[in-house]
Amino acid sequence: MKKIVTYFENFTPRMLEQYNKAVQKFYHELYEVNVTDGTYKILYHMQNKYLTLIENGSIDEGIKNVTNKIIHPDDKERFLRFVSLANVRENLSNGKPFISIELRQLWYDGKYHWVSLLIFPMEMEDEKEAYICFVTDIDEKMKVQTQYLQEKQYQDVIIADAILCAEFDLTNNTIKEIAPRILKTLSLSKSASFSDVIEAVAKELVYPSDREMFLKNLSINYLALASNENNYILSFDYRSFHAASNDYFWAASFANLIYDCNTGHLCCRWYVKDINSKKQYELGLRERAERDQLTGVYNRVTFEMILEDRLKKIRSQMALIVLDIDDFKWINDSFGHVYGDHVLKKITALLKSIIGNFGVIGRLGGDEFAIFISYFTTREEVLRKVDQICKAMPDAIDFGKVEFSLSCSLGVAFAPDDGKSFTEIYRSGDEAQYQAKKNGKNQWKIYDKSMIPELQKKKNHRIEGVYKGTDEFNSLLPNILFENGLNIDTLNILLDCVARHYEIDNITIVNFREFGILAQWSAKSKLIEYLDYFTFLGKYKEGAIRIAEKGETWICNDVSLLPLDLRKFYLNKGIQAELAMPIYCERKVSAAVIFSFTREKHIWTYEEIETAKRVAKLTSSILENILLKDSLATTAQLKKALDELKVSEERFRIALDKTHTYIWEFDLNKHEFKNAQKIAEQYDVDLIVKDAPYSLIKEEIIHPDTAKDYLVAHQKIYNGEKTVTCLVKIRNIQGRYLWHHITYTNIFDQFGQPIKAIGISEEINTQE
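Note that this is a predicted model, so its numbers are computed, not measured.

Participant: Give a description of the overall build of the protein chain that names residues and reports values.
Facilitator: Secondary structure assignment for the protein chain yields 27 helices and 27 strands. Here the protein chain holds 768 residues, and the buried ones make up 47% of them. A sequence separation of at least 24 residues applies to 55% of the contacts in the protein chain between residues at least 6 apart. Looking at the protein chain as shown, the accessible area adds up to about 41,000 Å², and 51% of this sits on carbon and sulfur atoms.

Participant: Any details on the nonpolar core? Residues and values, ideally.
Facilitator: The nonpolar side chains of a soluble globular protein tend to be buried, and buried together. Within the largest apolar cluster, 35 residues are counted, with the highest numbers of intra-cluster contacts made by L323, V382, I389 and L406. Broken down by secondary-structure element, the contributors of at least two residues to this core are strand 12 (318-325), helix 13 (328-335), helix 14 (337-355), strand 14 (368-373), helix 15 (379-392) and strand 15 (408-415). In terms of nonpolar packing, the next biggest core, distinct from the first, is built from 34 residues, L186, A192, F194 and Y232 among them.

Participant: Break down the sheet that holds strand 4 (residues 99-106) for me, with residues and values.
Facilitator: One open sheet holds the 6 strands; their spatial order is 3-2-1-6-5-4, and the pairing between them is antiparallel. The open sheet has two free edges, formed respectively by strand 3 (56-58) and strand 4, since each of these has just one partner strand. Neighbour-to-neighbour, the strand axes of this sheet turn through a mean angle of 25 degrees, independent of strand direction. Across the sheet, helix 5 (residues 85-92) touches strand 4, strand 5 (112-123) and strand 6 (129-137), and the angle it forms with strand 6 is around 95 degrees.

Participant: Describe the pairing of strand 4, naming the residues involved and giving the relevant values.
Facilitator: Most of strand 4 is tucked away: 6 of the 8 residues are buried. The sheet contact formed by strand 4 and strand 5 spans 8 bridges and is antiparallel. Looking across to strand 5, one finds that L106 is bridged to Y112. Taken together, strand 4 and the strand that follows it, strand 5, pair antiparallel across an intervening segment of 5 residues, in which G110 is found at a positive phi of about 80 degrees.

Participant: Give a description of the side chain of S193 that names residues and reports values.
Facilitator: Its place among the elements puts S193 in the loop between helix 7 (180-185) and helix 8 (194-205). For S193, a relative accessible area of 13% gives the class buried. Looking at S193, its side chain comes within polar contact range of the side chain of D196, at 3.0 Å. If near-sequence neighbours (up to four positions away) are discounted, S193 is found in contact with N173 and I175.

Participant: So what's going on with the sheet that holds strand 12? Residues and values would help.
Facilitator: As summarised here, the arrangement of the 5 strands in space is 13-14-12-15-16, forming an open sheet in which the pairing is mixed. Edge strands, defined here as strands with exactly one partner in the open sheet, are strand 13 (360-365) and strand 16 (443-446). Sheet twist, expressed as the average angle between the axes of neighbouring strands with direction ignored, equals 20 degrees. Bridging between strand 12 and strand 15 involves 8 bridges; their strand directions are antiparallel.

Participant: Tell me about the packing of helix 13 against helix 14, and please be specific about residues and values.
Facilitator: Interhelical geometry of helix 13 versus helix 14 gives an angle of 135 degrees and a closest axis separation of 7 Å. It follows that helix 13 is oblique to helix 14 by the angle criterion. Counting all contacts with helix 13, which are made through F328, I331, N332 and F335, the residues of helix 14 involved are H337, Y339, G340, V343 and L344. For the contact of helix 13 with helix 14, the per-class residue count stands at 6 nonpolar, 3 polar and no charged.

Participant: How would you sum up a nonpolar patch on the surface? Please name residues and give values.
Facilitator: On the surface, a nonpolar cluster with roughly 260 Å² of combined accessible area is contributed by L727, W739 and I764. In this structure, I764 sits in the segment after strand 27 (754-763).

Participant: Lay out unusual backbone geometry with the relevant residues and their values.
Facilitator: A cis amide bond links A415 to the next residue, P416, at an omega of 5 degrees. In this structure, the amide linkage connecting A692 to the following residue, P693, adopts the cis form with an omega of 5 degrees. Position of P693 among the secondary structure elements: in the loop between strand 24 (688-689) and helix 26 (694-698). The phi angle at K441 is positive, at roughly 65 degrees, despite the residue not being glycine. With respect to the secondary-structure elements, K441 resides in the loop between helix 16 (422-438) and strand 16. Look at K441 and you get partly exposed, because its relative accessible area is 29%.

Participant: Describe the side chain of T67, and please don't skip the residues or the numbers.
Facilitator: Tracing the sequence through the fold places T67 in helix 3 (residues 59-69). For T67, a relative accessible area of 7% translates into the label buried. Excluding anything up to four places from it in sequence, T67 contacts K76, F79 and L80.

Participant: Residue-level account of the confidence of the model for the protein chain, with values.
Facilitator: In the predicted model, the protein chain carries a mean pLDDT of 77, and the fraction of residues at 70 or more is 75%. Overall, residues 453-471 carries pLDDT values under 50, and its contacts beyond four positions in sequence, including any with other chains, amount to 23 contacts. Counting interchain partners and residues more than four positions distant, the pLDDT-below-50 stretch residues 538-550 has 25 contacts.

Participant: Would you mind going over the pattern of salt bridges in detail, with residue names and values included?
Facilitator: For the structure shown, the criterion picks out 17 salt bridges. Among the ionic pairs, E167 bridges to K176, the shortest N-O distance being 3.9 Å. The partner of E665 in a salt bridge is K756, with the nearest N and O atoms 3.6 Å apart. In this pair, E665 sits in strand 22 (residues 662-667) while K756 sits in strand 27, placing the two residues 91 residues apart along the sequence. Overall, the relative accessible area of 13% leaves K756 in the buried class. Among the charged side chains, a salt-bridge network with shared partners connects D75, R78 and R104.

Definitions and cut-offs
Residues numbered from 1 in each chain as written. Predicted model: local features only at pLDDT ≥ 70, side-chain atom pairs only at ≥ 80, totals over all residues. Heavy atoms only, no water. Helix = DSSP H or I, 4+ residues; strand = E, 2+ residues; numbered from the N terminus. Buried < 20%, exposed > 50% of the residue type's maximum accessible area, 1.4 Å probe, protein only. Contact = heavy atoms within 4.5 Å. Areas by Shrake-Rupley, 256 points an atom, 1.4 Å probe, with all protein chains shown as cover. Core = buried A, V, L, I, M, F, W, Y, C linked by side-chain atoms within 4.5 Å. Pairing = 2+ DSSP bridges. Axes fitted to C-alpha atoms, helices over the stretch in contact; angles between N-to-C directions. Polar contact = N/O pair within 3.5 Å; in protein donor to acceptor, adjacent residues only side chain to side chain. Parallel < 35°, antiparallel > 145°, perpendicular 65-115°, else oblique. Nonpolar A, V, L, I, M, F, W, Y, C, P; charged D, E, K, R; others polar. Patch = residues over 30% accessible without salt bridge, like charges linked within 9 Å, V, L, I, M, F, W, Y side chains within 5 Å. Salt bridge = Lys/Arg side-chain N within 4 Å of Asp/Glu carboxyl O. pLDDT = per-residue confidence, 0-100.

In structure tokens:
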């Protein structure tokens, strides 16, 4: 090569200017190192970006200053090995035109950035040994490379237990990579297309009723459209065929869409996982949440949701049958509630045998059932079923020697003529059922407009019962919920009826979960302030606190007989007597209904106490209904939010969350956990856990008996083991310790050093 010095001397000023511009474009620092003289000098340096040395000096001092002041601590050892004269000479004597290293350098912004250091040999006229060193900015390149490596490792974690994995070029409709055994199973050759593979899988390995959905979700047009909308991971569940057991199981399909950086083609990495155990567990939970525990048919909330959904899509006639067992109270009183439950189960079996797939059956509460039929040709088809139920009822139960025949009263209403919403059509069916019972029981009636006066008459009768004190009062309270819906407004109506009936001065429902008032009624239009009720409960450990802690009833006929602090609390509010009843929601005491007398002391009667219990139970139904609707709304919001995530690492976390119970990220440098929302909600931890894992052990989130194994596992992660597993007991939000099987997978940087670990955990608690 030409001698550098001579080469520069032949440059005109304009040529030197162009040369400098070219150097600045690709390199940001330029050094000349003269080994023979033991000196260096800076030929070029970009101002206000890089920290640098003085313009010239000795090589040893320069290396020392760079190492101590500019190079990242983790890169110092590699840097010193690289710039050692022995290493430079050895590598360049092997015929290499240059040698290079990538490391982190401190800049003027106070942050470390990635740079590439290149060393070229120079030929000097005086035969001196010299080198020229170039430094260039590769920060962006390293970020992309690190992201790519992490994404690749994330993908490896995801597909570790995949039962099928393949890669396709969707633009060319070709196979990039697939296991030969899969092609053999599908009877396809290597030249098969992506479409051929998907069609063969659908034909051979997918449940017939899921095939149309499977083919649509994995069609090239559908995947291309998803990529255009920035949806890069698409997943769905389907039923797959298991050849060994000749049976079907639940599987999850994941299509990861990427663009090939070389060809620009849209590609798809497709994998399938066995989720049968998880899916069956989820279906079991859904079944238990939707079904009435005693009879197995839909509960009221689910039945109402199904009916409302069908009514919104109404295109033809639909029918609602409301059924009430005649004299069911007599059965309970004569034979006991256990036998009453047996009767309800027998009636459910009878309804299932007659209705079959013709309609949807629900238990609305007590001895009241409803049947919704959405597909029929004529009304006569529905009425034949109704008549069949009515006639078959006496044979459903044999009461032995007791002369009693089981019967029922049924009301039939048709949508849209008799109602376009659940409330409307239920009122019509309920009124028809009321007319059947009124006319002698053991019969059925069809609703018609002429029943409106009777309906109004019955409502007036109920109101008279509330205000004038008829014996029907307690039995009529549930009708307030059925007619007005399960919401907070209904609570206020309920309190108004109860307060007027018993002439109670004030009724309040306090919420222990959110420390607030759910509903309140006062005879003097002057509401009692109960916000400090919670502070009072918190410091007083007897009496009223038992409502929240043990679910006991609080009865006080005369507050002047209470201890001093209690007496002051009540008298300051003008309360002379109080009755408080716990309200359960999701099997926990969540609220309390409080009856108060402000005029005088009052001896609470048995009837008043029983009514308080009834109000508590009805309030519990309303609270659980509100929680269910909030849960459904939250789920919909979360799903929408997840669909909008575009960052690659988040996409993989979502995919993992769908296939495992819990997932979190362990940052090894910061010693902290980044938890998914689901962990924070179900286990007593924050989204970010500092000083991990020691803080979890200190707070006994991790059971002391398994703390040692937990620490050993994390030490293995720090030591760089690729995969680490352990069994630990973790305390959930209810305070119970549950067994978890935890698997950590380490994520490494480009130098092979562990930087973070992905934790995946599944509950394996035997009791669960």
